[in-house]
Amino acid sequence: MAIHHLTPTVDSDAFSSSDQRIWLKLEALQPCGSFKLRGVGHASEVHAARGAKRLLSSSGGNAGMAVAYAGRRLGLPVVVVVPETTREWPKTLIRRQGAEVIVHGKSWMEANEHLMSLRQTADAFIHPFDDPLLWDGHATMIEEAATQCPKPDAVVLSVGGGGLMSGVLQGMHAAGWSDVPLVAAETVGAESLNASIAAGELVTLDAITSIATSLGARRVSEQAFAWTKRHEVVGATVTDAQAVRACLDVAKEHRLIVEPACGAAVAVARQRTVPVLQKARNVLVILCGGACATYEDLQAWAAESAGKS
Ligand SMILES: *Cc1c(COP(=O)(O)O)cnc(C)c1O
């Protein structure tokens, strides 16, 4: 049995309008709170079958949580190295799964280098977004959705390093949805894919300035960018404040807590400023989830942005 769970796709009465139904793929219901478990669970199982004795991750976020969960399910020890900037709550959630959390360095780069120095032959390093095994796992969410909702006129999801996007597009092509446009949402300050689409080549951002830390890859994978040449991918950005507002709407209307990284996709879908969303009758939004932000964090961010405007 797969490590991830099957999730419902719900028809959102709250977010739909008279000429458009919005469907939400509830990946926020995965154990650990995000879609990451699909890809990470699959990759971890494959590595375990190949003889891996330990799993390594350098993600202090949802990917690290998913590796910790998968390792526990497979009976393998897990080591997660995170930089000093990682907040307490994600570290608590990773440790709760029985993983060892090592804090090292000022940036992700330093944490990752330290992790690589610990690496032994029987270790499997689980990348957060750039690995075909992850995409195979993420693709299953579309295989499932195709049995749960009508073929949509557009799919909306959030983009960090582009693992979710690569897996979802793979699943869409397998499901016969290769003609369905994909709307790729990012927050301002984490718009590595939108910047690359605009420039026509892979762009590395100087810094991440958005609070949506789960979208904080300065550069998307080659694979994610290559997809923009093979499929109709429409970029869209929202502000942190709009993403947070969408999270509070999701909490109120669907009784689920998600990160701003996920709220970005909901905000883009609801604004309908992207032309392919204006005429779409059925829109599938990947509610990718995320456990790094608490309800109190969402309220504090909303209060901060209200103070600014
Ligand atoms: C990882 C993550 C993303 C971005 O996924 P990528 O595969 O890096 O593009 C978006 N939202 C949440 C909640 C995540 O955990």
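Just so it is clear, the structure is predicted and the values come from calculations on it, not from any experiment.

(A) Fine view of the site of the ligand. Around the ligand sit 16 residues in total, of which Lys 36, Gly 160, Gly 161, Gly 162 and Leu 164 are the nearest. Contact distances for the ligand include 2.7 Å between an oxygen atom and a backbone N or O atom of Gly 160. Here an oxygen atom of the ligand and a backbone polar atom of Gly 162 are 2.8 Å apart. Calculation on the ligand without its partners gives an accessible area of 380 Å², and the protein chains cover 97% of this total. Per-class residue counts for the shell around the ligand are seven nonpolar, eight polar and one charged.

(B) Quick peek at the sheet that holds strand β4 (residues 78-82). Strands sit in the order β5-β4-β3-β6 across an open sheet of four strands; the sheet is parallel. Each edge of the open sheet is held by one strand with a lone partner, namely β5 (100-103) and β6 (123-125). Each adjacent strand pair in this sheet contributes to an overall mean axis angle of 20 degrees, direction not counted. Of the pairings in the sheet, the one linking strand β3 (residues 54-57) to β4 comprises three bridges and is parallel in character. Pairing of Leu 56 across the sheet is with Val 79, part of β4. Set on the sheet, helix α3 (residues 88-96) makes contact with β4 and β5; between it and β5 the angle comes to about 145 degrees. Contacts from helix α4 (residues 108-118) reach β3, β4, β5 and β6 within the one sheet, and its direction differs from that of β4 by about 150 degrees.

(C) Just the pattern of salt bridges, in detail. A complete count under the given rule lists 13 salt bridges for this structure. With a closest N to O distance of 3.6 Å, Lys 106 and Glu 84 form a salt bridge. Taken as a pair, Lys 106 in the loop between β5 and α4 and Glu 84 in the loop between β4 and α3 lie far apart in primary sequence, 22 residues in all. Of the charged contacts in the structure, one is a salt bridge between Asp 249 and Arg 245, with a shortest N-O distance of 3.5 Å. Taken as a pair, Asp 249 and Arg 245 lie in helix α9 (residues 240-254) at a separation of four residues, close to a single helical turn. Residue classification places Arg 245 among the partly exposed residues on the basis of a relative accessible area of 48%.

(D) Up close: the domain arrangement of the protein chain. Domain parsing of the protein chain yields domain 1 (9-35 + 131-308) and domain 2 (36-125). Between the C-alpha centres of domain 1 and domain 2 the distance comes to 24 Å. Counting residues at the interface gives 24 residues for domain 1 and 20 residues for domain 2. Buried area between domain 1 and domain 2, summed over both chains or domains, comes out near 1700 Å², and the portion from carbon and sulfur atoms is 57%.

(E) Representation of the side chain of Lys 36 in the model. Positionally, Lys 36 belongs in helix α1 (residues 36-49). Contacts of Lys 36, omitting those with residues within four sequence positions, involve Gly 41, Asn 62, Ala 63, Ala 66, Pro 128 and His 138.

(F) Structural view of the pairing of β5. When β4 meets β5, the two strands line up parallel, connected through four bridges. Note that in β5 the partner of Val 81 across the bridge is Ile 102. Tracing the backbone out of β4, into α3 and back to the parallel element β5 gives a crossover that is right-handed.

(G) Structural context of unusual backbone geometry. The backbone of Cys 32 shows a phi angle near 75 degrees, a positive value even though the residue is not glycine. Residue placement: Cys 32 occurs in the loop between β2 (20-26) and α1. By relative accessible area, Cys 32 is classed as partly exposed at 22%. The phi dihedral of Arg 255 falls on the positive side, at around 60 degrees, and the residue is not glycine. Structurally, Arg 255 can be placed in the loop between α9 and α10 (260-271). For Arg 255, a relative accessible area of 66% puts it in the exposed group.

(H) Broad picture of helix α12 (residues 295-308). With 14 residues, α12 extends 20 Å between its outermost C-alpha atoms, agreeing within 8% with the 20 Å of an ideal straight helix rising 1.5 Å per residue. Along α12, the residues classified as buried are Asp 297, Leu 298 and Trp 301. Buried residues in α12, looked at end-on, bunch into an arc of 100 degrees, giving them a common side. Turned more than 90 degrees away from the buried face of α12, the exposed residues are Glu 296, Ala 306 and Gly 307. Where α12 is buried, its residues contact α9 and α10.

Definitions and limits used
- For every chain, the first residue of the written sequence is number 1, and numbering continues from 1 along that sequence.
- In keeping with the model being predicted, local features are shown solely for residues with a pLDDT of at least 70 and side-chain atom pairs are shown and tallied solely at 80 or more, while totals for entire chains, interfaces and linings include all residues.
- To get the side-chain values, take all heavy atoms of the structure and skip hydrogens and water.
- Nearness is judged by heavy atoms alone; a residue qualifies as near a molecule or strand once a single heavy atom is within 4 Å of it.
- By the criterion applied in these results, polar contacts are pairs of N or O atoms within 3.5 Å in which, for protein atoms, one can donate a hydrogen and the other can accept it, and in which residues neighboring in sequence qualify only through two side-chain atoms.
- Where accessible areas are quoted, they stem from the Shrake-Rupley method and a 1.4 Å probe; at the residue level, only the protein chains shown are allowed to cover.
- In the scheme used here, Gly and all other residues not listed as nonpolar or charged are polar, with Ala, Val, Leu, Ile, Met, Phe, Trp, Tyr, Cys and Pro taken as nonpolar and Asp, Glu, Lys and Arg as charged.
- Pairing between two strands requires that DSSP report at least two bridges joining them.
- Secondary structure counts use DSSP, requiring at least four H or I residues in a row for a helix and at least two E residues in a row for a strand, with both numbered from the N terminus.
- Axes here refer to lines fitted to C-alpha atoms; in helices the fit is confined to the stretch in contact. Angles between the N-to-C directions go from 0 to 180 degrees.
- Contact definition: two residues touch when any of their heavy atoms are within 4.5 Å.
- The term salt bridge refers to a pairing of a side-chain nitrogen on Lys or Arg with a carboxyl oxygen on Asp or Glu at a separation within 4 Å.
- Each residue gets one of three labels from its accessible area relative to the maximum for its type: buried under 20%, exposed over 50%, partly exposed in between, using a 1.4 Å probe on protein chains only.
- What marks off one domain from the next here is an automatic or database domain assignment.
- Using a 1.4 Å probe, buried area is obtained as the accessible area two parts lose upon being combined, added over both of them.
- Handedness of a crossover is defined as follows: orient the strands so they point away from the viewer, and if the path from the first strand over the helix to the second runs clockwise, the crossover is right-handed.
- In a helix, the anticipated span is given by 1.5 Å times the number of residues less one.
- It is the directions from the helix axis to the C-beta atoms that the arc portrays.

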